[in-house]
Amino acid sequence: MHSHSAQQEQAQPGIVWIKLAVLYLVVGVAIGIGMGASQDFTLRPIHAHVNLLGWATLAISGLIYTVFPQTGTTRLARIHFWLLNLALPLMMGSLAYVLLTGDVQILPALVIAEISAAVSILAMTANIFLNLQNRKETAAAGMAPDVSPRGA
Ligand code: HEM
């Protein structure tokens, strides 16, 4: 796989989301197995959030942006992508640190990461409401071929 044109890249905005999602699944499952094996469930919230915000949310976002590419290449989609993917490692890292050490000095980083993740979800919500149109509206706006018979 090489020399993709920018156009092809743009047509598949969900791919990077799905690739990151499976990486989160590997980490989440590894933490789950580690908890089970050690019977130490300290990192349970990390396990749940890596799996649900990492794997599930990223994968579903990637599928939405693939099925509806008009939502995947917008400015709001880019804000969603960068805010969430920068916030999540910081959020998981700082929360793991607090859980493992009990040291709350790092809490401001955790709060910033959590707010950023939440804002990224608002960006996605705005993106979907502003840019996800049904087929009729899209056709009416001249953005898709109108396949209805014209009686020509
Ligand atoms: C091989 C894969 C997995 C293993 C070995 C695993 C293992 C575990 C373990 C040991 C716990 C703690 C149970 C307890 O405290 O009694 C747990 C909790 C949990 N897991 Fe998993 N898990 C796996 C995959 C997943 C996936 C894919 C998801 C979500 C997409 C998930 C979501 C959760 C949630 C939401 C909790 C509850 C967290 C909480 O109570 O705070 N897990 N898992």
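Residues numbered from 1 in each chain as written. Predicted model: local features only at pLDDT ≥ 70, side-chain atom pairs only at ≥ 80, totals over all residues.

The protein chain has the name Cytochrome-c oxidase in an unreviewed UniProt entry, where Pseudoduganella lutea is given as its organism.

Here we take up the overall build of the protein chain. Within the protein chain, the regular secondary structure consists of seven helices and zero strands. The secondary structure elements of the protein chain, listed N-terminal to C-terminal, are α-α-α-α-α-α-α. Looking at the protein chain as a whole, 24% of its 152 residues are labelled buried. Here the contacts in the protein chain between residues at least 6 apart in sequence split such that 68% fall between residues at least 24 apart. (Helix = DSSP H or I, 4+ residues; strand = E, 2+ residues; numbered from the N terminus. Buried ≥ 20, exposed ≤ 12 C-beta atoms within 10 Å, placed from the backbone. Contact = placed C-beta atoms within 7 Å.)

The next point concerns the environment of Phe41. The residue Phe41 is located in the loop between helix 2 (15-38) and helix 3 (44-67) in this model. When the C-alpha positions of Phe41 and Ile31 are compared, they lie 9.5 Å apart, and in sequence the two are ten residues distant.

Attention now moves to the site of the ligand. Contacts to the ligand come from 15 residues, most closely from Val29, Gly32, Gly36, Ala48 and Asn51. Of all the secondary structure elements, the ones that give two or more residues to the shell around the ligand are helix 2 and helix 3. The element contributing the most residues to the shell around the ligand is helix 3, with eight residues. Here the shell around the ligand is built from residues that sort into nine nonpolar, five polar and one charged. (Near = placed C-beta within 6 Å. Nonpolar A, V, L, I, M, F, W, Y, C, P; charged D, E, K, R; others polar.)

Now for the packing of helix 2 against helix 3. Two elements in contact, helix 2 and helix 3, have axes separated by 8 Å at closest approach and are oriented at 160°. Considering their axes alone, helix 2 and helix 3 lie roughly antiparallel with respect to each other. Note on packing geometry: the crossing formed by helix 2 with helix 3 is left-handed. On the side of helix 2, the interface is formed by Trp17, Ile18, Leu20, Ala21, Tyr24, Leu25, Val27, Gly28, Ile31, Gly32 and Met35, while helix 3 contributes Arg44, Ile46, His47, Val50, Asn51, Gly54, Trp55, Leu58, Ala59, Ser61, Gly62 and Tyr65. The class makeup of the residues in the contact of helix 2 with helix 3 is 15 nonpolar, seven polar and one charged. (Axes fitted to C-alpha atoms, helices over the stretch in contact; angles between N-to-C directions. Parallel < 35°, antiparallel > 145°, perpendicular 65-115°, else oblique. Left-handed = near helix turned anticlockwise from the far one by under 90°.)

Time to look at the nonpolar core. One finds Ala87, Leu88, Met91 and Ala117 to be the most contacted residues of the largest nonpolar core, which totals 24 residues. Elements that contribute at least two residues to this core include exactly helix 2, helix 3, helix 5 (75-101) and helix 6 (107-131). With nine residues, helix 5 is the largest single contributor of residues to this core. (Core = buried A, V, L, I, M, F, W, Y, C linked by C-beta atoms within 7 Å.)

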